[in-house]
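# Examining the three-dimensional arrangement
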Amino acid sequence: MLQHTMTKRKTLIFACFGIALGLCIGTVLKNYRALEIVKRCNLRPTNLKTPNEIIGLEDEDTIQNSQRNLVFVGVMTAKSFLEGRARAVYDTWGKEVPGRIAFFSSEGSYSEELPVVGLKNVDDRYPPQKKSFMMLYYMYEHYIDRFEWFIRADDDVYMEPDKLERFLRSIDSSKPQFIGQAGKGNSEEFGLLSLEFDENFCMGGPGVILSSETLRRVAPHIPTCLKNLYSTHEDVEVGRCVQKFAGIPCTWNYEMQYILRHNSSGRNAYTGKLKRKEIHNAITLHPIKQAPLMYRLHSYIQGLKAEEMRQESLLLHRDIKRMAKYLEVPDDSIYMLPSISPDSDSGKRHFQDHNILGISPELNKFVPGSTDDLLDWSFIARSLYSASSANPKQKIVSSMREGLEDVITEVMENINNYSRQRGRVIEFRELLYGYHRLDALHGQDLILDLLLIYKKYRGKKMTVPVRRHLYVQRAFTGIFVKEFDEDFYNVTLQQSLLGSILHSGMARLSSHFTMASGLLPQAEDKIVFVLPISGRLGTLDRFLRTYERICINAEQHCDLLVVIFGAPEELGEHLQLLTHLRGRHVHQQVNWIQRSGPFSRGVALDVAARSSYIQPADIILFIDVDMIFEAATLQRVRMHTQRGRQVYLPIVFSQYDPQRRSDGTGDLPPPIDDENGYFRQFGFGICAIYKSDILDEDINGFDKDITGWGLEDVKFLEKIVRVGTRQQGFLSNTAELPLNYNEAAEQWRRLSVFRAPDPTLVHVYHDISCDIQLEAAQYNMCLGTKANSLGNTRLMEQLFYNSRDDFRFIADFNRQKQQQQAR
C-alpha cells in the first residue's frame, strides 16, 4: 500500500513537471515567431528617443530664451532617400537652420546620424497626402509652443538659412500667416481641383511657411481634412484645410515666385551655370534631384558668403582708418597694425595694415616714386590692347570677361535697387569701351563707358538711351597666412632627403637582387623623351649632353627615343653620337628609329608613341632638339601629368635673336626676362601625356597627313580638347541617370589640359627658314614664329624709328590706300 502511494506521488510530480516544461517551450516558440516577424520587418526602437531628443531640443529652450527656436523645418522624405537626398540636406543647409530640422518618413524609418521621425501608420506611397498632414500634426502635438514658425519642405529643396532668418524675423508670427508661392493649378488642371474663384494653395515644392498661430488653428482639424480629400495633390489639400479652418489663403504676392523659387526645368534644374540672379536672390531653390547637385550648390553659396565677409572686413578697415583720423591717431602708430604688439620695434608695413586696406576707394591710391613706377592702363574694346604684352592686341580672356560682367551686374542691381519706388528702371545694353589696370597693393581699377537704356513707366513715360562712365575700384582684402613651426620644415626636409636617398639606394639594390615589393618605395613613373630630328647634328650633340647630365647622371628614371629622318648615308654621325651615349651607359635605354622620306614631325611622334619602346604606364614627353631643360622640368612633368585625367603642355621660354640683344651677357646663359625672350603661349609642340591616353580611340595618336613644319601640334590639341569635353557635364546629366552614375563617370577618361610657364624649359634661338612649299596655314605660322623671335616690341620700335626708309614706306602705303578709297 505504501509503495503504491509513493508511485502515485512520483507520477503526479512528473506530470506537473511535464506540464510546466511544455508551457515554457510553447511560450518560447510563440515569442520566437513574434521576434522573427519584428526582425523581418526591420523595425527599429525609435521610441527610445523622445521627440525633443530626436531634434536635440533641451527642455529649457523656449522662444523667449533661445535664438535657435525661431523655426522648425519638417522635411518630407522616404526611406529609400535617407542616405541620399536627406543626408545631403542635413550636411549642407540643414545644420545651419535658425531652429531645428527633422526628416519625416514612413513607419519604421530610422537613422543613427539624422533626426528621423518614422510616422506611425504612414507609408512612402505617392502622393504623400497622409504623410504631409501627419507631419503637420506631429509638429503641433510636440512643438507648437516651442517655435514661432513651422516649414513644410521636400527633400529636394535648398534653403539659405541666413536669408530665411532675416525674412521670418521681419514678420509677426503671432498672427495667422500662410506663406508660399501661390498657385491655382496649371491649365490642364483648371476646374479639377475644386477650388473656388478666390481660393488658392501654396505650392509645396519650394516650401510652405506657417506661423504658430496658423498651425494651432488647423492641426486639430487634420483628421477632418484627411477624410475630405478632393484631389491627389497634397499641397492643394493642405491649402484647402488652411483656408477652411484658419481663414487665410496663401500669400498673393508677386515677389514670392522669386523668394521661394521653383525652377520649371524639372530634373535638369540648377545643373548648369550657378552665377544667376535667381540663385543670388532666392531663399529657397527647388528642385534639386540629386545629392551631388545639392553639395555643388551649397559650395557655391558658401563662396558667395565668403565674398560678403571679405567685403565686410574691408569696410571695417575703412571705418578704423576714418575713426583714427578723427581721434588724431598718426598713420605710423603701432596701433594701426593689427596682430602686432604695441611694444614691437618693427616699423615695417603689415599685411593687415589699416593704412593700406582702409583707404577709401579712389583711383589715386598708388603714388609712383618715378616715371618707371607708373602703372599702364590697358584699353578694353572687342579685344584687349595692352602695352605691357608682347602681343599688344589680345583676346579678352574668360576670367576678365566674367569679372567685367560681375562688376556691371552688381552696379546695375544697386542702381535699380529702388526702381519701383522711383517709377523707372535702367537697363544695361553694351560695354562700349573701357580701361583697366592692376595695382598689386590695392586692387584693380576700372573705367567703363556703358550704353544704358533709361525707361520711365510712371508719369510721363519715356525710353531714352544714355551713356555713362563708371569708375570702379575692386579693392584687395587682407592676406591670410598660415604659419608652421620651424620644426615642421626641418622634418619635411629630412623626410624628403631620406626618401630620395632610400629610393635611389633601393633602386640600385633591386637591379642586382630580387626584393619583396613591400620593401620598395613607390617608384616614380618613367618619362620617355621622344625627339624627332632631321639634320641639325651640332644641336643634337648639345641636346644629348644635356640629357646625359640631367637625366642619366642624376638618375631621373628616364628613357630616350629618337626618330631620325634621312638617307642611311647621311645619318652616320647622328648614329655615332647615339651609340657612344648608349655605350657609356649600358643600363640606360637609349633607342632610335630610322625613317626615310621627307621630314614630318607628326609621323615621327605617332610612330614613337606606338612603338614597343614605350609602355602604357610611361609618360611620353614630346620635345624638340632646340630645347634645354633642368631637373625641375622633370618634376613639373610628373606633377602636372595625370593618367586618364590631365595632359601637360608647358609654356616654354623662347629666346630672341642674340645678335639683336641690347645687353651682352657673354658666355652666361641669358636671364629669363622680356629683353632676352618671351613665353610662347601659342606653341603646343612640347607635350607630356601617358601612352595609354594618347592611344585613346578618340585621340589615336597624331595626324600623319601633315608634312614639314608645324600644325601637327594644333591638330593634336584639338583632339585632346574633344576628349576633355566628352561627358564633362556628367553632373548636369546626373538627374536623368541612376544614383551610381557618378561612380561610373569617375572611371571615364576625361582629359583636361594644364598649361603654365616653365622658366626651366628654354627654346634656344636658331635661324628659321620657312619653306614656300608649305601649306598656307603652316607657312603663316612659320612666319609668325620667325617674327616673334627677332626681338621684343621695344627693340622693334627702336629699329623702326631709326630707319627713315620705313617712314617713307609707311607714308607711301597710306597715300596709295587713300587714293584707292577715293576712287
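Preceding this paragraph is the structure being described.
A brief look at the structure comes next. Every residue gets a number counted from 1 within its own chain, in the order that chain's sequence is written. Reporting in this predicted model follows two pLDDT cut-offs: at least 70 for local features of residues, and 80 or more for side-chain atom pairs to be given and counted; totals over whole chains, interfaces and linings ignore these cut-offs and use all residues. To get the side-chain values, all heavy atoms of the structure are used, and hydrogens and water are removed first.

## So, the packing of aromatic side chains
- Only rings of Phe, Tyr and Trp enter the pairing, Trp through its six-membered ring, and a pair is recorded when the two centres are within 6.5 Å. The plane angle decides the type: under 30 degrees is stacked, over 60 is edge-to-face, the rest tilted. Scanning the model with the defined rule gives 21 aromatic pairs in all.
- Relative to F599, the ring of F565 lies with its centre 5.2 Å away and its plane at 75°, an arrangement referred to as edge-to-face. Taken as a pair, F565 in strand β19 (residues 558-565) and F599 in the loop between β20 (590-595) and α18 (601-610) lie far apart in primary sequence, 34 residues in all.
- Looking at F599, the relative accessible area reads 28%, which means it is partly exposed.
- One aromatic cluster is present, formed by F72, F104, Y138, Y143, F147 and F150 through successive ring pairs.
- When the ring centre of F81 is taken as reference, the NZ or CZ atom of R85 above it lies at 4.3 Å. Working definition: helices are DSSP H or I runs of at least four residues, strands are E runs of at least two. Numbering for both runs from the N terminus. Relative accessible area decides the class of each residue, using a 1.4 Å probe on protein chains only: under 20% of the type maximum gives buried, over 50% gives exposed, and in between gives partly exposed. Placement of a positive charge over a ring is assigned whenever Lys NZ or Arg CZ falls within 6 Å of the ring centre and within 35 degrees of the normal to the ring plane.

## Here's the deal with the side chain of S383
- Counting through the fold element by element, S383 comes out in the loop between β12 (378-380) and β13 (384-385).
- When checking whether two residues touch, look at their non-hydrogen atoms; a contact exists if any pair is within 4.5 Å. With sequence-adjacent residues up to four places away left out, S383 is seen in contact with K393, Q394 and I396.

## As for the state of the cysteines
- Only a pair of cysteine sulfur atoms within 2.5 Å qualifies as a disulfide here. On inspection of all chains with the given rule, the structure shows two disulfides.
- The residue that forms a disulfide with C202 is C250, at a sulfur-sulfur distance of 2.0 Å. One quick way to see it: the torsion about the S-S bond of C202 and C250 is about 105°, and its sign makes the bridge right-handed. Here C202 is found in strand β8 (residues 201-202), whereas its partner C250 is found in the loop between α8 (234-245) and α9 (256-259), with 48 residues between them in sequence. The two residues C202 and C250 agree in class, both being buried.
- Shown here is the disulfide that connects C225 with C241, its sulfur atoms set 1.9 Å apart.

## What about the pairing of strand β18 (residues 527-533)?
- Taken across its seven residues, β18 has seven buried, putting it largely inside the fold.
- Residues of β18 alternate between two faces, with I527, F529, L531 and I533 on one and V528, V530 and P532 on the opposite face, all of them buried.
- As defined by bridge partners, β18 adjoins β19 across seven bridges and the pair is classed as parallel. Looking across to β19, one finds that V530 is bridged to L561.
- Handedness is read with the strands pointing away from the viewer; a crossover is right-handed when the path from the first strand over the helix to the second is clockwise. With helix α16 (residues 537-552) bridging β18 and the parallel β19, this β-α-β connection has right-handed handedness. In this scheme, strands are said to pair when DSSP sees at least two bridges between them.

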